Structure formats: structure tokens, C-alpha cells
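What follows is each chain in one-letter form.
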Amino acid sequence: MNPPIKPIVTRFPPSPTGYLHIGGARTALFNWLYARKTKGRFVLRIEDTDAARSTSESVDAILESLEWLGIDWDDGPYFQTRRYHIYDEYIEKLIESGHAYYCSCTPDEVDAMREEAKAKGLKPMYNGKCRNLNLKKGPDTVVRLKTPDSGATVVEDIVKGDTAFRNSEIDDFIIRRSDGSAMYNLAVVIDDITMGINTIIRGDDHLINTPKQMLIYSALGADMPIFGHVPMVLGSDKTRLSKRHGAMSVGEYRKMGFLPDAMINYLVRLGWSHGDQEFFDRAELIDVFDLEHLGRSASMFDTDKLMALNSKHIQKKTPEELAGPLLFHLNDLGIEAKNDAFTIGAIQTLQPRSKTLVEMAEGAAFYYKDEVEYDKTAADKFLLPDMLPVLEKSAEMIDTLDPYTHEALETVFKFIIEETGHKFGKIAQPLRVAVTGTTVSPGIFEMLLVLGKEKTIKRIRKAVRFIQDKA
RNA sequence: GGUCCCAUCGUCUAGCGGUCAGGACGCUGGCCUCUCACGCCGGAAACCCGGGUUCGAUUCCCGGUGGGAUCACCA
């Protein structure tokens, strides 16, 4: 008889002390992907026990970023500050069972112990003074876990392998402060136990306190979860990612015009691999993600590669999928655009040449402007008197087109080329400047088509007047 | 400093004893071309060092070096 297979339950536990940053997003992603892949559950828990640094604005920002990334949770968000009574319950159990004890040493006394140990060349630790005093709860007592002083605790880490820590290195750490609130290690373990978390993937900055947490699991007789510690994401100077490395919150990347799918694709490849494959869409990722191919070494965040991936994702999307996000960025440029056929057409012409949505919005701006503004250098170079016949003739001929199609436009310019003797290469740039104001844009025909007959003629005629006025 | 982790092109990585060490980004030569891109073809570019183990090490073991993390009544 096969035992029932337990569903995988993972979690993401950010502390709301700032925005969701790249590293956090990546661990959230790993946990989420693994839960989705195994048809398990993904729990969101807010670790807000640090009253001084936690803010509700941060909570909102983190939730918003997760939603934007499309990382959804099945359970939560739970808030640790609302669970103190649960921690108390377990702390009492620990005291009753002799695994924890009250300690009346003051912070100053403990500092002195550390200094003393350091002076002797030992690791600064609490010396266990109150360990066997059997103290009762007092006004300023903390609760400490009675940790074994011999043997070793080994973390069977699925990414780092077995890692052993001597128990003599671990002192009787505090699990409840003198103000009665639970400490981090205790709260985390109790939460993970009570929420049924059985798979913990987190940054390897947590590897070192994992043995402490394991000691709590043991003292409680609870099942040990599976641990996997993924390496940190570093900045370009190979130090831990921080403000000075430029943008690090996922909100900023959204503003810079990145697609959530590209973000996810990039993040997952930073420390995980699937052979040589670089491009993944969401469904595919869920399908092929695994824990076996998580990397063991730290990696640097590379915006160029993110950019390249973003441009590929932009190309793979349908214009309809891009319209909503693009409108957001057009709006940032002060352009009022609608999700209509005109915008869809504009997107189609810009899709292959935009690395970000910001670029796309900037490139699309000319479509929406009432008046074309000429770039000085472009106008000086291309809006010249010898182009007057070409521009006048094209405006005149386009005016007669019905229907206004790609083929019709081609015919017009084929005629003008023959008539004037100019090569298309000679007239394309002046035309482009007339219509967009700049020398860079989508292909002439597709662009004129999207712009529409009326606007096209109007802009060409404006260029004609511009050249005449200049002369 | 103690403890722990890590080490393949500049960067992200594949590799799981025998490979011309593969891919991607970036860089670069060319093609395509109405601009910019896309796309296509080509190039330069890596196994940190020293010992072992082995017929044979990028791969396994040890040491060194380098980088990172962590040492709270923070999380």
C-alpha cells in the first residue's frame, strides 16, 4: 500500500520594511513555481514583528509587485503580529517540556559574557548562566531555548548538500523577548509548522540560522521540512544587491517598461537552468521547473540580458496583449491613447524594434501628436528644396488613393521614383522626417498605413510649407 | 576574527572522468535593408592555483587563494 503523497506546501515570507526587491522576487518565484509545478500550495506570510521598521505601505507595495508579476498565493497573507498568542502557546510547551527556560540576565550582563568569551578567543555567546536555575517568569525575563552543547545539527540542504554545524557553536538563544514578543526564529518555525509548510526555499543568508530552527523543530517533535538555500543575487560589483546598484525594486522595473513575463523569465534563469534554454513563457516554466537544477553559486544581476529577454517577450506577445501595458507608459509621456485599432496598428509596427515598453511608447508618440515637431538635425539634413517635387507629388497622389492600402502606396512611390529619378533610399528619409519628425521609425509603408491617409497628407504638406518657408 | 557557503568566457549558465568545453547576453566582422531594429552567417572570449585519486581530470578528494553570508531582546 502506498502512503498518500503529501502535497508540497511552500511559502514566501517577506518583511514589510521596503519594496519587493529583485532577490525577494526570485525566491518568491522559486517557491511559487515549485508549488504550481507540483500542484501544491503557496502561502504568503508577512513577517512584520519588527514594529520599528514595518509599514503598511511596504505591505501594499509588496502585494502589488507580486500581483504584477503574476505570482498568486493560495493562502494568506498572514501577519505574524496577529499570531503572538500562537507563539506563546508553543513557548509554554517548550518551557513545560524542559526545552526552554526563563533567563533574568540583562542585556548588559550578556554583553559582558560575550566580551569575556571574545577575550579568551572564543565565540561570543550567552554562557548559560540561568540554564539550570529554574527561574520563574519575572518582569524582565526572556525565554531561551536549551540547546544541546555537544553533537552536531546537519542541514540536509537540497541545493547546498549536507551542511554540519557543531551544536557547541549554538548558544541558548532567546525565543521570547522580555516584552513578551516572540523572536524571529521561533515565530518562523511555529508558523511553518502550523501552516503545514514542508518545503522551504530561501536565500542562503538564512542557512546559518537553519540549525537553530531545526533545534526548535526537534524540541517540539515536529516533522522537519525540506530546506533549499539559494545563493544571493549580487550587484555588478559582486556585493549583495543594494540601493547603490541602481534599480532593485520590481516596481522600478515595471516603470522602466519591462514585461512581467520577461522579469520572471530572467529571474528564474538567474540561478536555475534547463539545459541551454533561455526563453520560457509562464506555462512552460511551471511545466519544466525543478529543484534539482538550482545553482549553488551567487549571480550578478545583468540588466542587458533582462533587456534582451524583454525584447523577445515583446515580440512574442500579440499586439492586444501589449496594448494595456503600453497605454500605461504612453500616459506617462502625457499622451492620451485608447485601446483601439489605431493603437494596435501602432504596436504592430513597433513590436520588432522595442526593447522595452518605454521605448515603444516613445517610438509611438509621433502617431498621436497633432503637430509633428522636427528634430533640428534631421530637418536640416533631409527637409531640403530638392525634395519638394517628391513631397508635393506624393501628397497629391496619396490624396487620390481609394482604397488606401500597402499596395497602393507602393504603386505611388514606384511612380514617383520613375518620374523623379530618385532612388527610394533617397526619398525615404525626407518622407520619414516629414511624417515623424525624426530619422528613426518603423518602415515607411506600414507606418503611413497606420497613420491614416488624412494625417499622412497633412504632415507631408506641412513639410512642404516648412521647406518653402525656409527657402 | 569564528562559523558556514561558493568558484567554467566580462556576465548568466550547460557539463554530472575521455567533449574541437556547448548555449545566451554583451562585444565584434559580414549579409539583409527606406532609417532604427528584427533576422541570418562568422569571430574573439572561460575551466582560480597547488597537490593527490585515476590509464585519463573542468568533473572526485585535500590544501591554498579569492568572493559571499552570518555572528542581536533585527528579520
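Residues numbered from 1 in each chain as written. Chains lettered and ligands numbered in written order. Predicted model: local features only at pLDDT ≥ 70, side-chain atom pairs only at ≥ 80, totals over all residues. Heavy atoms only, no water.

Asker: Residues and numbers for the sheet that holds strand E1 (residues 9-12), please.
Answerer: The 3 strands lie next to each other as E1-E2-E3, forming an open sheet whose pairing is parallel. The open sheet terminates on both sides in strands that have one partner only, identified here as E1 and strand E3 (75-79). The average undirected angle you get between the axes of adjacent strands in this sheet is 25 degrees. One ladder, built from 4 bridges, connects E1 with strand E2 (residues 41-46); its direction is parallel. Its bridge partner being in E2, Thr 10 is matched across the sheet by Phe 42. Those strands touched by helix H1 (residues 22-37) are E1 and E2, and its axis lies near 160 degrees from that of E1. (Pairing = 2+ DSSP bridges. Helix = DSSP H or I, 4+ residues; strand = E, 2+ residues; numbered from the N terminus. Axes fitted to C-alpha atoms, helices over the stretch in contact; angles between N-to-C directions. Contact = heavy atoms within 4.5 Å.)

Asker: Describe in detail unusual backbone geometry, supporting the description with residues and values.
Answerer: Positive phi is not limited to glycine here, since Lys 39 has a value of about 60 degrees. Checked against the element boundaries, Lys 39 lands in the loop between H1 and E2. With a relative accessible area of 74%, Lys 39 lands in the exposed category. With phi around 55 degrees, Asn 134 is a residue other than glycine that occupies positive phi space. The exposure class assigned to Asn 134 is exposed, which follows from its relative accessible area of 62%. (Buried < 20%, exposed > 50% of the residue type's maximum accessible area, 1.4 Å probe, protein only.)

Asker: Describe the protein's contact with RNA strand B, listing the residues and the values that go with them.
Answerer: Close to RNA strand B lie 62 residues; Ser 15, Arg 177, Arg 353, Arg 432 and Ser 441 are nearest. Each atom of RNA strand B within 4 Å of the protein belongs either to a base or to sugar and phosphate, the latter forming 70%. Residue Tyr 184 places a main-chain N or O atom 3.3 Å away from a phosphate oxygen belonging to RNA strand B. Lys 305 is positioned with one of its side-chain polar atoms (N or O) 2.9 Å from a base nitrogen of RNA strand B. (Near = heavy atom within 4 Å. Polar contact = N/O pair within 3.5 Å; in protein donor to acceptor, adjacent residues only side chain to side chain.)

Asker: Describe the pattern of salt bridges, and please don't skip the residues or the numbers.
Answerer: Applying the stated rule across the entire model yields 29 salt bridges. With a closest N to O distance of 4.0 Å, Glu 371 and Lys 458 form a salt bridge. With a gap of 87 residues between them, Glu 371 in the loop between helix H13 (357-368) and helix H14 (376-382) and Lys 458 in helix H19 (residues 453-470) connect regions that are remote in the sequence. Here Glu 371 falls in the partly exposed class, since its relative accessible area comes to 43%. Residue Asp 386 pairs with Lys 426 through a salt bridge whose shortest N-O separation is 3.7 Å. (Salt bridge = Lys/Arg side-chain N within 4 Å of Asp/Glu carboxyl O.)

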